[in-house]
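# Architecture and fold: a report
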Amino acid sequence: MKFIILFAALFAVALAAPRPDVEIVRSDSDVGPESFKFDWETSDGTSHKANGDLKDAGSDHEAIVVHGSYSWTDEKTGEHFTVEYVADDNGFQPKGAHIPIA
């Protein structure tokens, strides 16, 4: 159930901003009881893909681990951005050329 909620939330966020001139050109997903994956792209080149797996299922340390990436092109500058990330029991950990490193 956690995976369905997470998948629905991520998908809703991705589609939240209405852009009538942009269409979904590819959308694939597979949601199972202990894992999920999705991959989509819009006509403006924006994309998001991720996969998640349940680790330590049934234990007190049960957690989901998500690996993914998303990319977009800035409308004003034309610059392309990509963020790769891991989300696990250590939190959301993004990496990208445009993200400062502490």
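Not measured: the values here are computed from a predicted model.

This part covers unusual backbone geometry. The phi dihedral of Asp 56 falls on the positive side, at around 55°, and the residue is not glycine. Here Asp 56 is to be found in the loop between β3 (47–55) and β4 (63–73). With relative accessibility at 44%, the residue Asp 56 sits in the partly exposed group.

Next up on the list: the pattern of salt bridges. In this structure the tally under the stated criterion is three salt bridges. The salt bridge involving Asp 39 is made with Arg 26; its shortest N-O contact spans 2.7 Å. Of this pair, Asp 39 sits in strand β2 (residues 35–42) while Arg 26 sits in strand β1 (residues 24–31); the two residues are 13 residues apart in sequence, bridging distant segments of the chain. The partner of Glu 41 in a salt bridge is Arg 26, and the shortest N-O contact between them spans 3.0 Å. Of this pair, Glu 41 sits in strand β2 while Arg 26 sits in strand β1, and the two are 15 residues apart along the sequence.

Each value, and the rule that gives it
Residues numbered from 1 in each chain as written. Predicted model: local features only at pLDDT ≥ 70, side-chain atom pairs only at ≥ 80, totals over all residues. Heavy atoms only, no water. Helix = DSSP H or I, 4+ residues; strand = E, 2+ residues; numbered from the N terminus. Buried < 20%, exposed > 50% of the residue type's maximum accessible area, 1.4 Å probe, protein only. Salt bridge = Lys/Arg side-chain N within 4 Å of Asp/Glu carboxyl O.

Limitation: the analysis is restricted to geometry and does not speak to function.
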